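Below are the chains, spelled out letter by letter.
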Amino acid sequence: MMYKIFAILLLASLMVLGTNAFVPRQYRSSSAGIVQRSSSRSSSSSSSKSTSLHSFRGFGKPAKMKQAGEIFNIPVSNVKFGAVKFWFKLYLAAQVNTPAKGSWRVSQRPDEELLMIFHDGTGMLQVVVDEASFRAERLPVEPDVSISLQYMVGESVILHGVLDELEGIVNNDEVEAEKRLLKLVNPDGIETARKTLMGREDSKDAAFA
């Protein structure tokens, strides 16, 4: 309950102060809602390009890692669009200190999607809901800057939590099936999505190492 109260206050602040209220100075929103990073940060993140991912189960070779794009896409139906979108805005806004304090900043894009920006400036995350899909997307900050290992760890922790929330919604026995906020087209959709993430134990260990 406390995280939902905090999230409501945070979203209200975004609406009052503007879409860039909680974005670091080096970020600016274009009319298309794409956040760009100042060139002054490029040198500080170059070391992330050489970070090895081999020690984490669930990852392939670094050369094959998807730097940006869709992470998972879960087909859904009977979506109560406004309610689901608001639910996950509240949830994500409350996760700015996950897995550690100051891990994320949030910004509401012009299209009203909530954008989560990782503190090291190498990657961004958004959860998108529409009438047919529930998906997570990883966005680049600059095309020539590799997303860091720390970002990947933080992203996995956040998205495992998102999938837990989604699982709770679709399996809520206290609500009649027809009245639930959405339905899965494929019963194993959530577990399939989890396979795209770093293993939960691996991500927790890495986050607090």
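Residues numbered from 1 in each chain as written. Predicted model: local features only at pLDDT ≥ 70, side-chain atom pairs only at ≥ 80, totals over all residues. Heavy atoms only, no water.

Chemist: Go over helix α4 (residues 149-170), please, and point to the residues and values.
Modeler: The end-to-end C-alpha separation of α4 is 32 Å, in line with the 32 Å expected for 22 residues at 1.5 Å each. Counted residue by residue, α4 has 17 buried out of 22 residues, so it is predominantly covered. (Helix = DSSP H or I, 4+ residues; strand = E, 2+ residues; numbered from the N terminus. Expected span 1.5 Å × (residues − 1). Buried < 20%, exposed > 50% of the residue type's maximum accessible area, 1.4 Å probe, protein only.)

Chemist: Quick rundown of empty space enclosed by the protein? Include the residues and the values.
Modeler: Per the counting criterion, the structure on display carries 1 cavity of 30 Å³ or more. Lining the largest cavity are K85, F88, K89, L92, E113, L114, V127 and V129. With 4 residues, the top contributor of residues to the lining of the largest cavity is helix α3 (residues 81-93). Partitioned by chemical class, the residues of the lining of the largest cavity number 5 nonpolar, no polar and 3 charged. (1 Å grid on protein atoms, 1.4 Å probe; cavity = no way out; pocket = protein on both sides within 12 Å on 5 of 7 lines; lining within 4 Å. Points joined across faces, edges and corners; volume = space filled by probe spheres on them. Nonpolar A, V, L, I, M, F, W, Y, C, P; charged D, E, K, R; others polar.)

Chemist: Please give an account of the pattern of salt bridges that cites residues and values.
Modeler: Summed over the entire model, instances satisfying the criterion amount to 9 salt bridges. One salt bridge connects E155 with R138, and the closest N-O pair in it is separated by 2.6 Å. Here E155, found in helix α4, pairs with R138, found in strand β7 (residues 133-140); they are 17 residues apart in sequence, far enough to count as distant. In terms of burial, E155 and R138 fall into one category: buried. Linking E167 and R194 is a salt bridge whose minimum nitrogen-to-oxygen distance equals 3.5 Å. Remark: R194 occurs in helix α5 (residues 189-194) and E167 occurs in helix α4; sequence separation between them is 27 residues. Overall, the relative accessible area of 30% leaves E167 in the partly exposed class. With a relative accessible area of 14%, R194 lands in the buried category. (Salt bridge = Lys/Arg side-chain N within 4 Å of Asp/Glu carboxyl O.)

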